Amino acid sequence: MKRLLIRVLPCLLPLMLLMLSLPALAGEITISAAASLKDAVNEIADKFVQTRPGTKITRNYAASGTLAKQIESGAPADIFISANEEWMSRLKERKLVAADSIETFTRNTLVFAGATTRKISGMHDLPSLGSIAIGSPKSVPAGEYAEEAMRKAGVEKELKGKLILAKDVRESMMYAERGEVDGAFVYRTDALLGKHARILFTVPQQLYPHIAYPMALTTYGTTNREAADFLHYLKGREAKSILSRYGFAVY
């Protein structure tokens, strides 16, 4: 046996050295992103994969609060993109994201969309409607923004009993598209994808905070080189071009 190893080892050594010199095989990336980003991030991810043959990007889209709670519960995620600062801050406090990797990915605007033929031009017209969809404010940032806008506009009490809570902003838009509600508070980017529902008015900015989407590596993802590369790609020119095409604000 020893003689066999002595004879074989010289042949194996060059192969072992060659294997050590080869780049690591493309890996897997898991991204958890706000539901409103689905179309844009899917396209960005597909573009990235084209430059990294063999790389697999698993995408998980839901309400920001739902995603944050999944990460808190130990769900695997390399990158987290929230639709507001609150949920990112929550994970930062719990040391579940790398604080030095947090950056603003993009921005958005809150609008009211619907397929109704009624003349709706502003917040003051909403009490005349029968039903309005919003994302559940407890987990959906768009719903939280809408709730604050209604309160500041002074129509919150008049709309009590008319609100239909959705699991995320995409579901709110779906209700408006199907005509199941008279209108819905959604992001401008979601409304632009509508085929039946249209933007009825843009919610005045003074009624709610600026909508920013922070992104970061999770502590789980800090050891994933591919995830770090993808995060860097998300900041690049091609990603910004795609975001702009979907109606997101870039800078």
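Model, not experiment: these values are computed from the prediction. (Residues numbered from 1 in each chain as written. Predicted model: local features only at pLDDT ≥ 70, side-chain atom pairs only at ≥ 80, totals over all residues. Heavy atoms only, no water.)

Novice: Where do I start with the overall build of the protein chain in this structure?
Specialist: Check the secondary structure of the protein chain and you find nine helices and ten strands. When burial is assessed residue by residue, the protein chain has 47% of its 251 residues classed as buried. For the protein chain, long-range pairs separated by at least 24 residues make up 77% of all intrachain contacts whose partners lie at least 6 apart in sequence. Total accessible area on the protein chain is roughly 13300 Å²; 54% of this is exposed by carbon and sulfur atoms. (Helix = DSSP H or I, 4+ residues; strand = E, 2+ residues; numbered from the N terminus. Buried < 20%, exposed > 50% of the residue type's maximum accessible area, 1.4 Å probe, protein only. Contact = heavy atoms within 4.5 Å. Areas by Shrake-Rupley, 256 points an atom, 1.4 Å probe, with all protein chains shown as cover.)

Novice: Before we go on, may I ask you to explain the packing of aromatic side chains in this structure?
Specialist: How two aromatic rings sit relative to each other is given by the distance of their centres and the angle of their planes. Inspection of the entire model under this criterion finds eight aromatic pairs. Note on phenylalanine 112 and phenylalanine 185: the rings are 5.1 Å apart at their centroids and 70° apart in plane angle, and the pair reads as edge-to-face. One end of the pair, phenylalanine 112, is in strand S5 (residues 110–114); the other, phenylalanine 185, is in strand S8 (residues 183–187), and 73 residues separate them in sequence. Residues phenylalanine 112 and phenylalanine 185 agree in their burial class; the two are buried. Through a chain of ring-to-ring contacts, three or more aromatic side chains come together here, namely Phe48, Phe230 and Tyr233. (Phe/Tyr/Trp six-rings, centres within 6.5 Å; stacked < 30°, edge-to-face > 60°.)

Novice: For this particular structure, what's the right way to read the nonpolar core?
Specialist: Note that soluble globular proteins tend to have their nonpolar side chains buried in a common cluster. Counting residues in each nonpolar core, the largest one holds 67 residues, and the members touching the most others are Ile81, Phe105, Met123, Leu126, Phe185, Tyr213 and Phe230. Among the nonpolar cores identified, the runner-up in size contains eleven residues, and Leu67, Ala68, Ala77 and Leu91 belong to it. (Core = buried A, V, L, I, M, F, W, Y, C linked by side-chain atoms within 4.5 Å.)

Novice: How should helix H4 (residues 85–93) be read in this particular structure?
Specialist: Of the residues making up H4, those classed as buried are Trp87, Met88 and Leu91. The buried residues of H4 occupy an angular sector of 100° when the element is viewed end-on, so they sit on one face. Just beyond H4, the residue with positive phi is lysine 95, at close to 55°. (Arc of directions from axis to C-beta.)

Novice: Help me out: how do you make sense of the side chain of serine 172 in this one?
Specialist: Position of serine 172 among the secondary structure elements: in helix H6 (residues 169–178). Non-local contacts of serine 172, meaning those with residues more than four positions away in its chain, are made with Ala133, Ile134, Gly135, Ala166, Ala184, Phe185 and Val186.

Novice: Help me understand the layout of surface pockets, please; the structure alone is not making it clear to me.
Specialist: Over the atoms, a rolled probe matching the size of one water molecule traces out where space is still vacant. The volume enclosed by the second largest pocket comes to roughly 160 Å³. Considering the residues around the second largest pocket, the lining is formed by Ala35, Lys38, Tyr61, Ala62, Ala63, Thr66, Lys167, Asp168 and Arg170. Residues belonging to the lining of the second largest pocket are distributed by class as follows: four nonpolar, one polar and four charged. (1 Å grid on protein atoms, 1.4 Å probe; cavity = no way out; pocket = protein on both sides within 12 Å on 5 of 7 lines; lining within 4 Å. Points joined across faces, edges and corners; volume = space filled by probe spheres on them. Nonpolar A, V, L, I, M, F, W, Y, C, P; charged D, E, K, R; others polar.)

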